[in-house]
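Residues per chain, in single letters:
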Amino acid sequence: MGIIALVIFVSVLVFWSVKLKRNLGEAALIGFLAIIPLGGSQAFALFMQGIEFASTFSVLYAAIAFVFMAYVIDKFGIVERLLAILNSMVGRLPGAPALMDAVGSSVMGTLSGGDSGNTAATGSITGPWMLRNNWNKEIAASVMVGNGGMASALPPTSSMFIILGFAPVAAAITTGEFFIALLIAGAYQFLHRLIMIGYFVKKQNIKAFPPDSLSPLSVSLKDGWTSILIYLGAIIPLVLTIGPISEFIMNVPTLGEEALDSIDIVIWIPTLMIGIAFLLAGKSAPRSFSEVSAFVQKSIPRFTVIGALIFFAVASSEVLTSLGLSDNIAYMMSSVDTPAWLTLLLVGLGVTAIAGPLTSTGTLTAVGLVSYEILAASGFSPLISAVAVMTFASTSAQMPPASGSIYIASGIVGARPEKTFVMLILYYACPVVLIGWLIGMGILPI
């Protein structure tokens, strides 16, 4: 019954979002309601079980909080100051605009969590800069799209929260170890982006900008060094829960393991980042109740869709698990004599193909759980399975023809989108699939 429920859920999700062109939040709701009747006499109990599981899961709060945080740092000018610092750091190197786009997209991606928004935020600055540096328009757009996809690769991101929302994943791995593993996996993707930039710089014979056209690092740091403090919101909870400081706390009799268990980094990272952003805003932050109310109201449209998507994706994963999806997948894998390396590759190609018409969050909502179950049933560890699936899904930005990032980047630099398709698949999507496969096989350690 679990397999049937999954087919129904995926079909509804794709039909509602791709064919009817409605938002993924609605699609997840309809998909959730569509699989409930399969519970028969237990349908109502399954409905309540799914709603209760999603309502009490910290991931839901974190996903919405990160979207609100992205809105806050944008409105308070923190993003601009961070980009100015990055500009001073890499501006004197050949291909500096593309390097800044890679670094900026990685830094901003951990804050925004959205491919299209990431491509637009960083590319609006680096795209015109690349053109002034004599980049080919289509190559420039491809680089921007590839770099923008780092938003789905680096934690914390919406994709991470969807994976953690799956009941089998939540029971098998901790948030902290998943966070660190994704950072390492994201670092491999970042290295790939730098290699591609070096290749394109050499191919086009790109030269460095004159030093006198760039602001010194001392100037940009003086003007915007406080913006870097936003990352204390992520560093503090991680340092407290992972490494020597956590071991010290563990050994303190009055604190111990109970104190560490009470620190949920999924909740504390966005909470601290939002608090720090308001402190950094100073006089530009809203002060009166009416100003705060107006500020919050303007942010609401940003997280209505992602909030609904994650809520009903988490609820659906609980229902699918209760309907026996895990047992069904395990039985299927034991019946098929496929070597683990081939299973991993097929899962990677399948997830990437689905990422074409859907976003990374939509892809993970649709097939993330079953992909994880297949890999786990094939003998891969829960952590490796989760990281590999998320890596495969991070190809959504680079997969034509439905990626919003492609058209945003092309619009910024005046490129023809269709001319980027082959480059994006060949130079970005395929290497990312390979990175995910190498991680799964243990060749790239995490």
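Please refer to the structure higher up on the page.
What counts as what
- Residues numbered from 1 in each chain as written.
- Predicted model: local features only at pLDDT ≥ 70, side-chain atom pairs only at ≥ 80, totals over all residues.
- Heavy atoms only, no water.
- Helix = DSSP H or I, 4+ residues; strand = E, 2+ residues; numbered from the N terminus.
- Contact = heavy atoms within 4.5 Å.
- Salt bridge = Lys/Arg side-chain N within 4 Å of Asp/Glu carboxyl O.
- Buried < 20%, exposed > 50% of the residue type's maximum accessible area, 1.4 Å probe, protein only.
- Axes fitted to C-alpha atoms, helices over the stretch in contact; angles between N-to-C directions.
- Parallel < 35°, antiparallel > 145°, perpendicular 65-115°, else oblique.
- Left-handed = near helix turned anticlockwise from the far one by under 90°.
- Nonpolar A, V, L, I, M, F, W, Y, C, P; charged D, E, K, R; others polar.
- Phe/Tyr/Trp six-rings, centres within 6.5 Å; stacked < 30°, edge-to-face > 60°.
- Patch = residues over 30% accessible without salt bridge, like charges linked within 9 Å, V, L, I, M, F, W, Y side chains within 5 Å.
- Areas by Shrake-Rupley, 256 points an atom, 1.4 Å probe, with all protein chains shown as cover.
- Core = buried A, V, L, I, M, F, W, Y, C linked by side-chain atoms within 4.5 Å.

1. Digging into the overall build of the protein
Inference 1: Counting its secondary structure elements, the protein contains 23 helices and zero strands.
Inference 2: Across the protein, contacts joining residues at least 24 apart in sequence account for 81% of those joining residues at least 6 apart.

2. Points about the pattern of salt bridges
Inference 1: Under the criterion given, the structure shown has one salt bridge.
Inference 2: Among the ionic pairs, R22 bridges to E26, the shortest N-O distance being 2.8 Å.
Inference 3: Overall, E26 belongs to the partly exposed group, its relative accessible area being 25%.

3. Description of the packing of helix α1 (residues 2–19) against helix α2 (residues 24–35)
Inference 1: Where α1 meets α2, the closest approach of the two axes is 8 Å, and the angle between their N-to-C directions is 150°. Put simply, α1 runs roughly antiparallel to α2. For the element pair α1 and α2, the recorded crossing hand is right-handed. Judged by residue contacts, A5, I8, F9, V12, L13, W16 and S17 of α1 engage L24, E26, A27, A28, I30, G31, F32, A34 and I35 from α2.
Inference 2: For the contact of α1 with α2, the residue count by class is 13 nonpolar, two polar and one charged.

4. A few points about the side chain of N147
Inference 1: Looking at the secondary structure, you find N147 in helix α8 (residues 137–148).
Inference 2: The contacts of N147, once residues within four sequence positions are left out, are A98, D101, A102, S105, N118, R193 and I197.

5. Considering the packing of aromatic side chains
Inference 1: Scanning the model with the defined rule gives nine aromatic pairs in all.
Inference 2: Ring geometry for F32 and F312: centres 5.9 Å apart, planes at 40°, overall tilted. Highlighted residues: F32 in helix α2 and F312 in helix α17 (residues 289–322), separated in sequence by 280 residues. Taken individually, F32 and F312 each receive the classification buried, so the pair is uniform in this respect.
Inference 3: Among the aromatic residues, those joined into a cluster by ring pairs are F32, F47, F311 and F312.

6. A closer look at unusual backbone geometry
Inference 1: Positioned with a positive phi, N134 is a non-glycine residue whose angle comes to about 70°.
Inference 2: Within the element layout of this structure, N134 appears in the loop between α7 (115–132) and α8.
Inference 3: Even without a glycine there, the phi angle at N205 is positive, about 55°.
Inference 4: Here N205 is to be found in the loop between α11 (175–204) and α12 (217–224).

7. Things to note about the packing of α8 against α11
Inference 1: Closest axis-to-axis distance for the α8/α11 pair is 11 Å, and the angle between their directions is 170°. Between α8 and α11, the interaxial angle falls into the category roughly antiparallel. Seen from α8, the contacting residues are I139, V143, G146 and N147; seen from α11, they are R193, I197, F200 and Q204.
Inference 2: Among the residues forming the contact of α8 with α11, the class breakdown is four nonpolar, three polar and one charged.

8. As for a nonpolar patch on the surface
Inference 1: A surface patch of nonpolar side chains, amounting to about 950 Å² of accessible area, comprises M89, L217, L221, W225, I228, L229, L232, I235, I236, V239, L240 and I245.
Inference 2: The set of elements that each furnish at least two residues to the nonpolar patch consists of α12 and α13 (232–241).
Inference 3: As for its placement among the helices and strands, M89 is situated in helix α5 (residues 78–90).
Inference 4: The class for M89 is exposed, based on a relative accessible area of 53%.

9. So, the nonpolar core
Side chains of a nonpolar character, in soluble globular proteins, are inclined to be buried together.
Inference 1: Core analysis: the largest hydrophobic core is formed by 118 residues, its most contacted members being W135, V143, M160, I163, F178, F200 and V387.
Inference 2: The element best represented in this core is α17, accounting for 10 residues.
Inference 3: If near-sequence neighbours (up to four positions away) are discounted, M160 is found in contact with P155, T175, F178, F179, L182 and M390.

10. Brief notes about the side chain of R193
Inference 1: In this fold, R193 is placed in helix α11.
Inference 2: If near-sequence neighbours (up to four positions away) are discounted, R193 is found in contact with G146, N147, G149, M150, Q398, Y428 and V432.

11. Brief notes about the environment of V219
Inference 1: Among the structural elements, V219 can be located in helix α12.
Inference 2: Looking at V219, the relative accessible area reads 39%, which means it is partly exposed.
Inference 3: Considered as a pair, V219 and A84 are 135 residues apart in the sequence and their alpha carbons are 9.5 Å apart.

12. Focus on the environment of T395
Inference 1: Turning to its location among the elements, T395 is positioned in the loop between α21 (382–393) and α22 (404–413).
Inference 2: Excluding anything up to four places from it in sequence, T395 contacts T352, A355, A429, V432 and V433.

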